[in-house]
Amino acid sequence: MEPQILKKMRKNQHSKADDTQSSLNQVASYRTKRDHMMCKAFSLGIAYSSTIGGMATLTGTSTNLIFIEQFETRYPGCQFVNFGSWIAFSFPIAFIILIFTWMWITWLFLGFSLKEMQCCRKSKSPNEDDSRKILRQEYEKLGPLSYQEVVTLSVFMLMALSWFTRDPGFVPGWDSLFGLKGYKSDATSAILFGFLLFIIPGRKPSWLRCRSREKSKPSQTGESTPMITWKEFEECIPWHIVILVGGGFALAKGCEVSGLSTWVGHKMQPLSSLPVWVIVLIVCLIVTSVTEVASNPATITIFQPILSSLAEGIGVNPLLVIIPATISASCAFLLPVANPPNAIVFSYGHLTVPDMMKAGLGTNLISMLTLCFGLYTWGIPMFDLNTFPDWASHNVSAVASP
């Protein structure tokens, strides 16, 4: 038995030595500790900014898309929430969260100093000059905008403009020009301008080309090819996201039809004895905690029907509870598995789980405080959240305890 024990001891020693050597190699890949900390700060900044930026528009995240689809299905009479009103409410919140998150990450990993922020008064180091030269060279390699890029940018800008002008609220939008309301939505613009990409030619037409070079080139057979073909569309479309969002709609409908959301809403009615702001804070904390370990679309899919029934049961405007829950479902900053951006930056090896947990706790706290501040500052007058609306009263009369 002794030789086997010795073999096991040697094997454990070798494995520990290999782990130590790999950790030393990882540390040796950074010139200084500050460079390592900067890699962590950059990685978390990229992940968190992509998540925070998605809160600002209805099309920014699948969570917001699920919210607006379920909300319009349950409350077709509500005309408060559209693309423009959502940006007016959530963009300042996202901007404030972004600024304070930048300050938090900078202080956590690099040390926040007001003197170091005065970059214009400080002479640049040789490393900074080299970095600027490399960035300038990479930018110059991109060259001018191509015909395809100009067309795609133009179509996108027109689609965003149609989202803003469909039903802005303060003036009649183009929605009022085409029959009854309720038959046009933001998806109408997306389908229309997406369809244009199947029609617009993928190469610049001959009558738009310049005289010198482009006219001298022989005409190519692919000139009549559109910007995107159906084969390319099938290959590039993220079908897993489409199935995930569609499955979320089916799950929400099942919770509503089966009476599960109504039953859970009735069980949560004892919360009506608490102040409304406490209820909103509890909802935000619960949704934020669940979305750290579950999919963001699945979280809002399950919680939105329940929170709608809860708001109707206690006589509170449903938007006062659903809007903060929707934004809270995107506040997944704590773990690498919380959302795809976290997982992507974690895979590069600059971060550890404790790093993400320390940074994520502060970012979650910043998000909750900013969300409550925005909701009770400009959210209440914007969506008239202090009154129980008529568009939600018909659901109260139709609700029966299961």
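An unreviewed UniProt entry lists the chain under the name Solute carrier family 13 member 1, with Staurois parvus as the source organism. Its UniProt record gives the chain the following Sequence similarities (unreviewed entry) comment, quoted word for word: "Belongs to the SLC13A/DASS transporter (TC 2.A.47) family. NADC subfamily."

Caption draft 1: Looking closely at the overall build of the chain. Helix and strand content of the chain: 18 helices and zero strands. Out of the 402 residues in the chain, the part that is buried amounts to 36%. At a minimum sequence separation of 6, the contacts of the chain that also span at least 24 residues come to 78%.

Caption draft 2: Broad picture of the packing of aromatic side chains. Under the definition given, this model contains 13 aromatic pairs. When the ring of F71 is compared with that of Y75, the centres are 5.1 Å apart and the planes differ by 50 degrees; the resulting orientation is tilted. Three or more aromatic residues joined by ring pairs form one cluster here, namely F67, F71, Y75, W86 and W391.

Caption draft 3: Broad picture of the UniProt feature "transmembrane region" (unreviewed entry) in the chain. Those residues carrying the UniProt feature "transmembrane region" (unreviewed entry) are residues 41-67, 87-114, 145-165, 185-203, 274-294, 314-338 and 359-379 in this numbering. Secondary structure across residues 274-294 divides into 76% helix and 0% strand, with the first and last C-alpha atoms of the span separated by 28 Å. Between the end C-alpha atoms of residues 314-338 there is a gap of 32 Å, over a span that is 48% helix and 0% strand.

Caption draft 4: The nonpolar core, seen in detail. Counting 66 residues, the largest nonpolar core has L44, Y48, F67, F71, V81, L319 and I323 as the members making the most contacts within it. The element contributing the most residues to this core is helix 4 (residues 83-109), with nine residues. The contacts of F67, once residues within four sequence positions are left out, are L58, V81, W86, Q304, L319, I322, I323 and T326.

Caption draft 5: Up close: the packing of helix 15 (residues 318-328) against helix 17 (residues 353-383). Contact geometry for helix 15 and helix 17: axes closest at 11 Å, N-to-C directions at 140 degrees. Here helix 15 lies oblique to helix 17, going by the angle between them. As helix 15 packs across helix 17, the resulting crossing turns out to be right-handed. Here L319, L320, I323, P324, I327 and S328 of helix 15 come into contact with helix 17, specifically with M368, L371, L375 and F383. Considered class by class, the residues forming the contact of helix 15 with helix 17 number nine nonpolar, one polar and no charged.

Caption draft 6: Focus on a nonpolar patch on the surface. On the surface, a nonpolar cluster with roughly 580 Å² of combined accessible area is contributed by F91, F95, I99, F100, W102 and M103. By relative accessible area, F95 is classed as partly exposed at 48%.

Caption draft 7: Seen up close, helix 4. Across its 27 residues, helix 4 extends 37 Å between first and last C-alpha, which sits within 8% of the 39 Å expected from 1.5 Å per residue. A side-chain oxygen of the first residue of helix 4 lies 3.1 Å from the backbone nitrogen of G84; this N-cap is N82. Looking one or two places after helix 4, you find G111, whose phi comes out positive at around 85 degrees.

What counts and what doesn't
Residues numbered from 1 in each chain as written. Predicted model: local features only at pLDDT ≥ 70, side-chain atom pairs only at ≥ 80, totals over all residues. Heavy atoms only, no water. UniProt positions renumbered as here; feature names shortened; annotations may be inferred. Helix = DSSP H or I, 4+ residues; strand = E, 2+ residues; numbered from the N terminus. Buried < 20%, exposed > 50% of the residue type's maximum accessible area, 1.4 Å probe, protein only. Contact = heavy atoms within 4.5 Å. Phe/Tyr/Trp six-rings, centres within 6.5 Å; stacked < 30°, edge-to-face > 60°. Core = buried A, V, L, I, M, F, W, Y, C linked by side-chain atoms within 4.5 Å. Axes fitted to C-alpha atoms, helices over the stretch in contact; angles between N-to-C directions. Parallel < 35°, antiparallel > 145°, perpendicular 65-115°, else oblique. Left-handed = near helix turned anticlockwise from the far one by under 90°. Nonpolar A, V, L, I, M, F, W, Y, C, P; charged D, E, K, R; others polar. Patch = residues over 30% accessible without salt bridge, like charges linked within 9 Å, V, L, I, M, F, W, Y side chains within 5 Å. Areas by Shrake-Rupley, 256 points an atom, 1.4 Å probe, with all protein chains shown as cover. Salt bridge = Lys/Arg side-chain N within 4 Å of Asp/Glu carboxyl O. Expected span 1.5 Å × (residues − 1). Polar contact = N/O pair within 3.5 Å; in protein donor to acceptor, adjacent residues only side chain to side chain.

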